[in-house]
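Below, each chain spelled out in residue letters.
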Amino acid sequence: MINYKNEISKLISNSINIAYDKIIGFIEIPNNSSLGDYAFPCFRLAKELKMSPQKIAEQILENMKYDKELIDNVEIVGGYLNFFINKGTLVRETIKDFDKKRENYGSSNIGNGKNIVIDYSSPNIAKPFHIGHLRSTVIGGSLYKIYKFLGYNSVGFNFLGDWGVQFGKVMAGISLWKDEYEFVEGKEIDTILQIYVRFSKEEKENPEMTNLAKSWLRKLEEHDEETYKIWEWIRKISLENFKKTYKLLNSSFDVYHGEAYYNDKMQGIIEELKNKNLLVESEGAQVVNLDEYDMPPCIIITSAGTSIYATRDLASLEDRAKTYDFEKAIYVVGSEQQLHFKQIFKVFELMGYEKYAKNCIHVPFGLVVDKNGKKIGSRTGNSVVLEDIIHEAIDKVKNIILEKNPSIENIDETARKIGVGAIIFNDLNNSRVKDEIFDWDMMLNFNGETGPYIQYMYVRTKSILDKAGYVPNISDINTNKLLDEDSINIIKNIYLFNDIIVEAANKNEPSIISRYVLDIAKNYSVFYNNNRILSDDNDTTSARLYLTYMVNIVIENATKLLGMEMPEKM
Ligand code: ARG
């Protein structure tokens, strides 16, 4: 496959004697194609060459000898060199390249089987699996699939919050009120949540409750048999409950090593920190001092003598490095834990693991807010349990379908794919650090920048191909039939697919793929509205059907990387 960026950079570099590596970083893809398919902003070299951008552009153009098969024309506009590539070559090469892979188009093996450990979802058990964990689950799940598609071995790591003070609360609550509640089989988790919520509320008015919770936690930490059994039971039913949500969202994990898994590894990590002279005493606690790095100390053992979140994360990180010899360890966790991860990674580096520490990446994201910008869940009475929300989406979609197309087959399955797809796409639609606006009308709008819109365009391509009984064959294709602007815009999208996926991985940013898939869906919609696919001219029909076939696969593969499923009909 021709790499236009590389080729153009080579041409420029040879014409002006500036290093290729430098040039390539400056090449742009203009938004407006009348300014070329690629552009080079000459002002980037003005300082170094002590020349005006205009002069630089003229000089490059004068020295440059380009192959007409590759580039049609180069123009100078406002200090830019605008490159117009040869569209015939682009179409021919893109189709040739696509046809080699077809269903696997976009995949590659740049990862060479190397391990990428991705910590995502990682909810706290015995607390509601609420909407706040949606983002980590969806973003992490997408990164998991993206790396895999690039030939890495993704390891999905669920670091359950299955230890700590929330258990003390639940257990204390159960001990106080167990006769007042019913534990219905399969719905025990709901009762546990009610108890947790009630305890947290009463605790605010009565500080004695906090002490009670602590005493239960102490019993748990001392491995009191009765207490431990209750803990195991709560963990089991919580996990069963989470797995229902995971199934709805199509998320899966390779490892469920929660915080409790590291209980017996705590001592080891503490010894290691001691041996490396990293632990100092501070106000009764054992900490790693991070003054030098402008961070507060990382607490390893609290003044009460217990290990904490950070200690467990360090033990787990060491375990991840040793078990997987990872290429990257990614943590998909909200922005509010930024400092925590900076501290952990720094301490790990100080422990002598710089090789791994430098490949640890915290991937933060914004909050889920309503359309007024208010954090969801802060209002009481609003359901924020993720499973309920997903079912609500599915029900809403089902009602929409019943109105529009009541005779559709597999309505439940279709409603599930669209409802879940809408939630996922809404989450990944914008750069992840931005807050996500959660608004039903917006995310379920079939004509907006939404999951349902993308699915609708997919279904359209599929029905065109099915109706035509299309069997792809590139020897039939006259590429001259795809040189109109509408077709070229789509071909350009298809050409870029590989680069888009690599960029999404490099930036750990699935929204790069969402924006891309929206773009190709919109371009196809324009093409479809302006052109007849099945025409009297056989050459035109074959070419347009192949184009439709490529769009169908690219949408399917791109959305699969986001975690969405495509319906057959809608
Ligand atoms: N359980 C934590 C929470 O809900 C997230 C854990 C993230 N992963 C980690 N290795 N610290 O806030």
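Predicted model only: the values in this text are computed from it and were never measured. (Residues numbered from 1 in each chain as written. Predicted model: local features only at pLDDT ≥ 70, side-chain atom pairs only at ≥ 80, totals over all residues. Heavy atoms only, no water.)

Remarks on the packing of aromatic side chains
Phase 1: Per the counting criterion, the structure on display carries 29 aromatic pairs.
Phase 2: On the numbers, 6.0 Å between centres and 85 degrees between planes, the contact of Phe 98 with Tyr 546 is edge-to-face. Taken together, the residues span a long stretch of sequence, with Phe 98 in helix H5 (residues 87-101) and Tyr 546 in helix H21 (residues 538-562) at a distance of 448 residues. No difference in accessibility class separates Phe 98 from Tyr 546, as the two residues are buried.
Phase 3: Taken together, Phe 98, Tyr 105, Tyr 470, Phe 497, Tyr 516, Tyr 546 and Tyr 549 form an aromatic cluster joined through their ring pairs.
Phase 4: Seen from the ring of Trp 216, Lys 219 lies directly overhead, with NZ or CZ sitting 4.2 Å from the centre.
Phase 5: In this arrangement the basic side chain of Lys 243 is found over the ring face of Tyr 256, its NZ or CZ atom lying 4.8 Å from the centre. (Phe/Tyr/Trp six-rings, centres within 6.5 Å; stacked < 30°, edge-to-face > 60°. Helix = DSSP H or I, 4+ residues; strand = E, 2+ residues; numbered from the N terminus. Buried < 20%, exposed > 50% of the residue type's maximum accessible area, 1.4 Å probe, protein only. Lys NZ or Arg CZ within 6 Å of the ring centre and 35° of its normal.)

With respect to the layout of surface pockets
Phase 1: The volume enclosed by the second largest pocket comes to roughly 890 Å³.
Phase 2: Taken together, 27 residues line the second largest pocket, and the ones lying closest to its centre are Ile 29, Lys 492, Asn 493, Leu 496 and Ile 500.
Phase 3: Elements supplying a minimum of two residues to the lining of the second largest pocket: helix H1 (4-16), helix H19 (485-506) and helix H20 (511-530).
Phase 4: Here the lining of the second largest pocket is composed, by residue class, of 11 nonpolar, 8 polar and 8 charged. (1 Å grid on protein atoms, 1.4 Å probe; cavity = no way out; pocket = protein on both sides within 12 Å on 5 of 7 lines; lining within 4 Å. Points joined across faces, edges and corners; volume = space filled by probe spheres on them. Nonpolar A, V, L, I, M, F, W, Y, C, P; charged D, E, K, R; others polar.)

Things to note about the sheet that holds strand S10 (residues 360-363)
Phase 1: Taken in spatial order, the 4 strands make up an open sheet running S5-S4-S9-S10, and their pairing is parallel. The open sheet has two free edges, formed respectively by strand S5 (153-157) and S10, since each of these has just one partner strand. Pairwise comparison of adjacent strand axes, ignoring direction, gives a mean angle of 20 degrees for this sheet.
Phase 2: Note that strand S4 (residues 115-119) and strand S9 (residues 328-332) share 4 bridges and pair parallel. (Pairing = 2+ DSSP bridges. Axes fitted to C-alpha atoms, helices over the stretch in contact; angles between N-to-C directions.)

Observations regarding the nonpolar core
Phase 1: Of all hydrophobic cores here, the largest spans 149 residues; its most connected members are Phe 40 and Phe 83.
Phase 2: The dominant element in this core, judged by the number of residues it contributes, is H21, at 13 residues.
Phase 3: Setting aside chain neighbours within four positions, we find Phe 40 in contact with Ile 12, Ile 23, Phe 26, Ile 27, Leu 45, Ile 60, Gly 79, Tyr 80, Leu 81 and Phe 83. (Core = buried A, V, L, I, M, F, W, Y, C linked by side-chain atoms within 4.5 Å. Contact = heavy atoms within 4.5 Å.)

A closer look at the pattern of salt bridges
Phase 1: As enumerated under the stated definition, the model contains 33 salt bridges in all.
Phase 2: With its nearest N and O atoms 2.6 Å apart, the salt bridge here joins Asp 37 to Lys 492. Of this pair, Asp 37 sits in the loop between helix H2 (20-26) and strand S1 (38-41) while Lys 492 sits in helix H19; the two residues are 455 residues apart in sequence, bridging distant segments of the chain.
Phase 3: With relative accessibility at 4%, the residue Asp 37 sits in the buried group.
Phase 4: Given a relative accessible area of 22%, Lys 492 falls into the partly exposed group.
Phase 5: For Arg 135, the salt bridge goes to Asp 427, with nearest N and O atoms at 3.2 Å. Placement of the pair is Arg 135 in helix H6 (residues 134-149) and Asp 427 in helix H16 (residues 411-428), with a sequence separation of 292 residues.
Phase 6: When salt bridges with common partners are traced through the structure, they connect Asp 37, Lys 87 and Lys 492 into a single cluster. (Salt bridge = Lys/Arg side-chain N within 4 Å of Asp/Glu carboxyl O.)

So, unusual backbone geometry
Phase 1: Although it is not a glycine, Asn 17 sits at a positive phi angle of roughly 65 degrees.
Phase 2: Phi at Glu 283 is positive, roughly 50 degrees, even though this residue is not glycine.
Phase 3: If you trace the backbone, Glu 283 turns up in the loop between strand S6 (279-282) and strand S7 (285-288).

By themselves these figures say nothing about function.
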